[in-house]
Amino acid sequence: VGLKSPAAALFLKMRSWILVGMMGSGKSSVGRSLAAISERRFVDTDQILVHRIGRPIKQLFSLYGESSFRELEHKILAELVPGADIVSTGGGIVLREDNWTEMRRLGPIAYLRATPDKLIERLTVSKNRRPLLDVENWEDRLRELVAKREPLYEQADCCVDVESMDIDEAAEELKRLLEDVS
Ligand code: S3P
């Protein structure tokens, strides 16, 4: 049993490490690598949501709309307890002020920053189709979303420019920063 088992985490009053950033910034892949090197558990709010509703996010959006998705996303975040976890979030989690309250309750928040060009490059090859980008000019839509959200992401406790880093480099950098602010 590792030092950071759930029971030990509770005993040590460990705080989760939260990852925010745009779609395509690498929250899931970097988060998994970070979890491995920091002996933490990887948790993904989108994954929990999909598991809970038993449908892909895209279907939830098309059947019930974005606001239902946001409600569920908030509920899931509010149910989490601080622990030896890396919490990867959906790109739009930063939109609601009450999500910030919940994220701060869990632990320090890190922003994975990349330019719109880089995000577009990554999303072009991604198999995961995002409902918000299911429009004709999705590149323009992405740029708009980045412009709108950038000031929100910047409220995070620390930031890593993932632009020219590979997954493991970004994870190492995050570990260093998050250990400092924990
Ligand atoms: C969203 C990002 C997605 C997912 C949903 C909405 C957003 O997560 O939560 O499609 O508003 O940016 P990823 O950031 O993991 O792609």
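As the structure is a computational prediction, the values presented were derived from the model and not from experiment. (Residues numbered from 1 in each chain as written. Predicted model: local features only at pLDDT ≥ 70, side-chain atom pairs only at ≥ 80, totals over all residues. Heavy atoms only, no water.)

*Asks:* Can you walk me through the environment of L106 in this structure?
*Replies:* By the secondary structure assignment, L106 is in helix α6 (residues 97–106). C-alpha separation for the pair L106 and R141, spaced 35 residues apart in sequence, amounts to 31 Å. Ignoring anything within four residues of it in the chain, the contact list for L106 reads R15, S16, I18, L77, L80, V81 and P82. (Helix = DSSP H or I, 4+ residues; strand = E, 2+ residues; numbered from the N terminus. Contact = heavy atoms within 4.5 Å.)

*Asks:* Which parts of the structure should I look at to understand the packing of aromatic side chains?
*Replies:* Two aromatic rings, taken as a pair, are described by how far apart their centres are and by the angle between their planes. Scanning all chains against the criterion turns up two aromatic pairs. Between F61 and F69, the ring centres sit 5.0 Å apart and the planes meet at 45 degrees, which makes this aromatic pair tilted. Across the pair, exposure class does not vary: F61 and F69 are buried alike. Their ring planes at 20 degrees and their centres at 4.9 Å tell us that Y111 and Y153 sit as a pair that is stacked. Placement of the pair is Y111 in strand β4 (residues 109–113) and Y153 in helix α8 (residues 138–153), with a sequence separation of 42 residues. Like Y111, the residue Y153 is buried in the burial classification. Across from the ring centre of W17, 3.9 Å away, lies the NZ or CZ of R40, which sits over that ring. (Phe/Tyr/Trp six-rings, centres within 6.5 Å; stacked < 30°, edge-to-face > 60°. Buried < 20%, exposed > 50% of the residue type's maximum accessible area, 1.4 Å probe, protein only. Lys NZ or Arg CZ within 6 Å of the ring centre and 35° of its normal.)

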